[in-house]
Amino acid sequence: MALLCNRVHFLRLTISNTTTMIRNYLKVAFRSIFKNKVFSLINITGLAIGIAASLLIFQYVNFELSYDNYHENAERSYRIKTNRFTKGELTTEWAAGAAGVGYAMKEAYPEVEELVRMRGAGGIFSFEDIEFSEERVYLATENVFKMFETKFIHGDAETALVDGLSIVVSESIARKYFGRTDVIGEVLEYNREQQAKINGVFEDLPPNTHFKYDILVSWNTFSSEQQGQFNTAWNWDGFYNYLLLAKGTNKEDFEAKMATYFEESQGEEFRNNGFWMSFELQPIQDIHLYSNFMIEMEVNGDGDTVYALLVISFFIIIIAWVNYINLATAKSMERAREVGLRKVLGSLRGQLVRQFLTESFLINIFAVALGFVLVILAMPYFSDLSGQEMTFTLFAKQGFWIGLAGLFLIGTFLSGLYPAFVLSGFRPIQTLKGNMAGTAGGSMLRKSLVVFQFMASVGLMIGTYAVYQQVSFMRNQDLGVDINKMLILNGPGVTDSTYRDKMDAFVNLLEANANVEKVVISSSIPGNKVGWNAGGIRKEGAPLSESNQYRVISVGHDFMQTYDMELLAGRLFSRDFGAEEENVVFSRAATRLFGFAQPEEAVGTRISFWGNVYTIVGVTEDYHQNSLRENYDQLIFRFIPTNSAFYSIKYNGNNTKEVVKLAEEKWGQFFAGNPFEYFFLDDHYNEQYKADQQFGTVFTVFSILAIFVACLGLFGLAAFMAAKRTKEIGIRKVLGASVPGILKLLSTDFLKLIIVAVVLAIPLAYYGMNQWLNTFAFRIDLHWYIFAIPAVAVFAIALATVSFQTSRAARANPVESLRYE
């Protein structure tokens, strides 16, 4: 019994001592923080900015990397990408590729557990007097939900797409047409020709998927004959083929099997004709960040951008931690006597380490709290900057709190551990005698960390300026076509035998208005990828092996004149020459691919094109059909006066609203039942640069934050060094030193470090930005001023930061300075 009482007493004593010790740690830590208010504020502010910036970027990156991870078999799910070659050169890369490849793989290899096939099927859907044009519509095989997990509200996923013309719709679509979700058995009219029966309603899809669909139509809507043609078609693109592979199947090994199959089954025919195909398996989790090919389901993200922002966030938080280490070790001399006295009184080194880690703990606690407030304040602005919606539901996510806790713990130990060991390692005899001086190693570490901070800051500023220059270059470059004051109408989805007459009447009525200069039709417009990819085009009488692939745009009269394309040779389509259906116009890039050295050589050449013969009547200068990331397309213009996927309305003056109102009124008169959809071409074209602009803006904001945090640390170090040399400054002023001389004395050491940082940052920034710019077909050159201007700007900011602090010491009364200490 006595032994038990002794143990209880010992336990109580231990708990009491521990509590007292912790209370003492906290009391001393608070006293130190409030005693050094300026340095504490610098550390807390810098860490808070670093934590807030890192959290925001981490959430953005986490979302971008989460695409399609929620599917149960995501790690075994792949999309087949089709690569087409002509004469050994890669000509096109298709996200929606060859129709027959998926079926062939499913039939040939048991490793394929599921084959899901899809094809875009956007069109007009209506119920009674409610009618809309829907774009996110796909024909899909009935097993689509085995690969793409979808939560059904009504209906059975297993049987919903078995019957032809059966459809499943999203919750939003159901409410849009019927005002409710229990719509099983209801019928939507599809393109005014077919009655589509609703067999299922699913929850709206999460935003983090590359395959966003509102309506799926049964694959069995195609006839058996059509499906049989798809199964054997290797030259028919536009089909999405997804494979679910068996567990343990190696991606590279299966790609090799695909290549072998193609070689054995199709190789001889394709090789004899000068063509070739290869296939790649794209993990569905990688599609969003690493796929930008023909007929993507949506505009995807950019993996390089995501990881660049992640690097920036690391730089900012590391710069903040470096500030803490620098200021804590720099002020170590002031606390040397405290450490010596504690050791004389019996404190062990471990206890001192815990004491200083407690201070780091409190600093980081305050920084986390302030950082959390900054995240709340900055969230709406960051959503606008990044284009990714962030709401307060962010705080309900486990990942947010794990990230916050991780930054806190890493910050506490990483930034606090080194200063704690440095401070606790002082010898008591030397410190109490006042013989402590900064070690060469500690001084060198601080200098190295300052160099790192500003090397990162200069590198980020150079990157920011280079991104700005590239985006400006792309937006201001001459496109080779006139896209200004161009109103675009999406062509009617449903037409009848009278469409040609209605189209002509619609165009004539618009052109009769004084505000309208011209109305032209085409299958594509600048800013859109050309979807018509035609192979087998060659000179008349030449073998198929001499053919090439081209992009084809069908146009009506005056299209090229209205877009102000430059004519290099021959002529453009004109009513003066009667029927033009057997003539074509080439772009300069197309003539080069055809083998003509000069545009004039092409005029009059007769070409074979899918079993027909056409004559080249003109050659236009190349223009940027798509963004400057891509090279000029090899374009062929065909005259097809009824292919009106787009109406381009060239208007004059500032009467934009009147032109839109007129177009809408006449549209309803001639194309009733077809939704009136319009946009302005210049805005549409510049949408291609939206992601680059957002990247540039985010890059700029966080680069500025990095410099600000680095300058906070520099300000603190300058303040400490000025205070440390107060007596020296007083003596120098008594002996006749000028204020500029004192400023130079105090600033030189810091500015030398900044110069070293600039010298180290420039080659690294050059390499990084050159790699990024190489992703553009048309890019800026990295001129000297792209490096000089950011470097000078950072140098000037650092100089101003140091000068602001040191000038106070330089202007101080020497009498007061000599009373110091």
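Below you will find a few notes about this structure. A quick note: this is a predicted structure, and the numbers were derived from the prediction, not measured.

We now examine the overall build of the protein chain. When helices and strands are tallied, the protein chain shows 25 helices and 24 strands. Looking at the protein chain as a whole, 50% of its 821 residues are labelled buried. Sequence separation of 24 or more characterises 80% of the internal contacts of the protein chain that already satisfy a separation of 6 or more. Accessible surface, the protein chain: about 37,600 Å² in total, of which carbon and sulfur atoms supply 56%.

So, about unusual backbone geometry. In most cases, non-glycine residues show a negative phi, while peptide bonds are predominantly trans. With a phi angle near 55 degrees, asparagine 191 is a residue other than glycine that sits in the positive phi range. The backbone of isoleucine 295 shows a phi angle near 55 degrees, a positive value even though the residue is not glycine. With respect to the helices and strands, the residue isoleucine 295 is situated in the loop between α8 (287–290) and α9 (303–330).

Under the definition given, this model contains 31 salt bridges. Among the salt bridges present, the one from lysine 502 reaches aspartate 496, with a minimum N-O distance of 3.6 Å. For lysine 502, a relative accessible area of 29% gives the class partly exposed. For aspartate 496, a relative accessible area of 44% corresponds to the partly exposed category. Notably, a salt bridge pairs glutamate 621 with arginine 588, separated by 3.0 Å at the nearest N-O pair. With glutamate 621 in the loop between β21 (612–620) and β22 (635–639) and arginine 588 in helix α17 (residues 588–594), the pair connects residues that are 33 residues apart, well separated along the chain. When its relative accessible area of 23% is taken as the criterion, glutamate 621 is described as partly exposed.

What follows concerns the packing of helix α3 (residues 101–108) against helix α7 (residues 251–272). How two helices pack is summed up by the angle between their axes together with the distance between the axes. Two numbers describe how α3 lies on α7: the axes approach to 11 Å, and their chain directions differ by 105 degrees. As judged from the angle between their axes, α3 and α7 are roughly perpendicular. Between α3, through Val101, Ala104, Met105 and Ala108, and α7, the contact on the second element is made entirely by Phe254, Met258 and Tyr261.

This brings us to a nonpolar patch on the surface. On the surface, Leu65, Tyr290 and Tyr307 cluster together into a nonpolar patch covering about 280 Å² of accessible area. By the secondary structure assignment, tyrosine 307 is in helix α9.

In total, this model carries 58 aromatic pairs according to the counting rule given. Seen in terms of ring centroids, tryptophan 236 and phenylalanine 239 are 5.6 Å apart; in terms of plane orientation they differ by 90 degrees. Their pairing is edge-to-face. Judged by relative accessible area, tryptophan 236 falls into the partly exposed class, the value being 36%. A connected cluster of aromatic rings, assembled from ring pairs, spans Tyr499, Phe506, Tyr647, Tyr651, Trp667, Phe670, Phe671, Phe676, Tyr678 and Phe680. The ring centre of phenylalanine 132 lies 4.3 Å from the NZ or CZ of lysine 176, which sits over that ring. Between the NZ or CZ atom of arginine 571 and the centre of the ring of phenylalanine 577, over which it lies, the distance is 3.7 Å.

Burial analysis of strand β4 (residues 123–127) places five of its five residues in the buried class, which makes it a mostly covered element. In this structure, β4 lies alongside strand β5 (residues 130–134), joined through five bridges in antiparallel fashion. When the bridges of β5 are listed, isoleucine 124 appears paired with serine 133. Here β4 folds back onto β5 in antiparallel fashion, the turn holding two residues, of which glutamate 128 has a positive phi close to 55 degrees. Relative to strand β9 (residues 187–190), β4 is paired through two bridges, and the arrangement is antiparallel. Bridge pairing links phenylalanine 125 to tyrosine 190 in β9.

What follows concerns the side chain of arginine 551. Among the secondary structure elements, arginine 551 is positioned in strand β17 (residues 548–555). One buried charged residue, arginine 551, forms no salt bridge at all, with the nearest opposite charge on aspartate 633 at 4.2 Å. Residue contacts for arginine 551: discarding those within four places in its chain leaves Thr91, Thr92, Met294, Val530, Trp532, Asn533, Asp633, Gln634, Leu635 and Ile636.

What follows is about the packing of helix α15 (residues 499–511) against helix α19 (residues 656–670). Contact geometry of α15 with α19 gives a least axis separation of 10 Å together with a crossing angle of 155 degrees. It follows from the interaxial angle that α15 and α19 lie roughly antiparallel. Crossing handedness for the pair α15 and α19: right-handed. Side by side, α15 and α19 meet where Lys502, Ala505, Phe506, Leu509 and Leu510 of the first sit next to Leu662, Ala663, Lys666, Trp667, Gln669 and Phe670 of the second. Here the contact of α15 with α19 is built from residues that sort into eight nonpolar, one polar and two charged.

Turning our attention to the nonpolar core. Ranked by size, the top nonpolar core spans 105 residues in total, and within it Phe454, Tyr563 and Phe637 carry the most contacts. For tyrosine 563, the contacting residues outside a window of four places in its chain are Val481, Asp482, Met486, Ile488, Val520, Ile525, Pro526, Ser648 and Leu681. Ranked by size, the runner-up nonpolar core spans 25 residues in total, among them Ile173, Val183, Phe230 and Phe239.

Once that is clear, we can look at helix α2 (residues 37–65). At 3.6 residues per turn, the α-helix brings residues three or four places apart onto the same side. Spanning 29 residues, α2 covers 41 Å between terminal C-alpha atoms, matching the ideal 42 Å at 1.5 Å per step. For α2, a buried count of 22 out of 29 residues is recorded, marking the element as mostly surrounded by other parts of the structure.

In this section: the pairing of strand β8 (residues 166–170). In regular strands, side chains alternate between the two faces of the sheet. Within β8, five of the five residues are buried, leaving the element largely enclosed by the surrounding structure. Side chains of β8 alternate between two faces, with Ser166, Val168 and Ser170 and Ile167 and Val169 buried alike. Summarising the sheet, β8 and strand β10 (residues 194–202) pair through five bridges and their orientation is parallel. Each bridged residue has a counterpart across the sheet, and for isoleucine 167 the counterpart in β10 is isoleucine 198.

All right, on to α15 then. With 13 residues, α15 ought to run about 18 Å at 1.5 Å a step, and its terminal C-alpha atoms sit 18 Å apart, in line with that. Where α15 is concerned, the buried positions are Tyr499, Met503, Phe506, Val507 and Leu510. Buried residues in α15, looked at end-on, bunch into an arc of 95 degrees, giving them a common side.

This part covers the environment of isoleucine 42. Assignment of secondary structure puts isoleucine 42 in helix α2. With a relative accessible area of 6%, isoleucine 42 lands in the buried category.

As for its position among the elements, isoleucine 786 is in helix α24 (residues 784–811). Sequence separation between isoleucine 786 and glycine 463 is 323 residues; the distance between their C-alpha atoms is 8.9 Å. With residues up to four places along the chain from it excluded, the contact list for isoleucine 786 reads Ile462, Tyr465, Ala466, Ile780 and Asp781.

Rules used throughout
Within each chain, residue numbers correspond to sequence positions counted from 1 in written order. Local features are withheld for residues below a pLDDT of 70 in this predicted model, meaning they are given only at 70 or higher, and side-chain atom pairs are given and counted only at 80 or more; totals for whole chains, interfaces and linings count all residues. Heavy atoms from the whole structure form the basis of all side-chain values; hydrogens and water molecules are not counted. Secondary structure elements follow DSSP: runs of H or I of four or more residues count as helices, runs of E of two or more count as strands, with numbering from the N terminus. Per-residue accessibility, obtained with a 1.4 Å probe over protein chains only, is compared with the maximum for each type, and a residue is labelled buried under 20%, exposed over 50%, and partly exposed between these values. In this analysis, two residues are considered to be in contact whenever any of their non-hydrogen atoms come within 4.5 Å of each other. Surface accessibility in these figures is a Shrake-Rupley result with a 1.4 Å probe; residues are shielded only by whichever protein chains are displayed. Within this document, salt bridges are pairs made up of a side-chain nitrogen of Lys or Arg and a carboxyl oxygen of Asp or Glu, the two lying within 4 Å of each other. Under this scheme, a helix contributes an axis fitted over its contacting stretch, all axes are lines through C-alpha atoms, and angles between N-to-C directions fall in the 0 to 180 degree range. Orientation categories follow fixed angle ranges, with anything under 35 degrees roughly parallel, anything over 145 roughly antiparallel, 65 to 115 roughly perpendicular, and all other angles oblique. Residues with no salt bridge and a relative accessible area higher than 30% make up the patches, which join like charges within 9 Å and nonpolar side chains (Val, Leu, Ile, Met, Phe, Trp, Tyr) within 5 Å. Note on ring pairs: Phe, Tyr and Trp rings are taken, using the six-membered ring of Trp, and paired if centres are within 6.5 Å. Classes follow the plane angle, with under 30 degrees stacked, over 60 edge-to-face and the rest tilted. Working rule: Lys NZ or Arg CZ, within 6 Å of ring centre, within 35 degrees of ring normal, means a charge sits over the ring. Pairing between strands is defined by DSSP: at least two bridges between the two strands are required. Lys and Arg are tallied as positive, Asp and Glu as negative. Neither His nor the chain termini are counted. Take the far helix as the reference: if the near one is turned anticlockwise from it by less than a right angle, the crossing is left-handed, and if turned clockwise, right-handed. Residues are grouped as follows: Ala, Val, Leu, Ile, Met, Phe, Trp, Tyr, Cys and Pro are nonpolar; Asp, Glu, Lys and Arg are charged; all remaining types, including Gly, are polar. We call a set of buried Ala, Val, Leu, Ile, Met, Phe, Trp, Tyr and Cys residues a nonpolar core when their side-chain atoms join them within 4.5 Å. Helix span, expected: 1.5 Å multiplied by one less than the number of residues in the helix. This arc corresponds to the set of directions leading from the helix axis out to the C-beta atoms.

Honestly, it's all geometry; don't read function into it.
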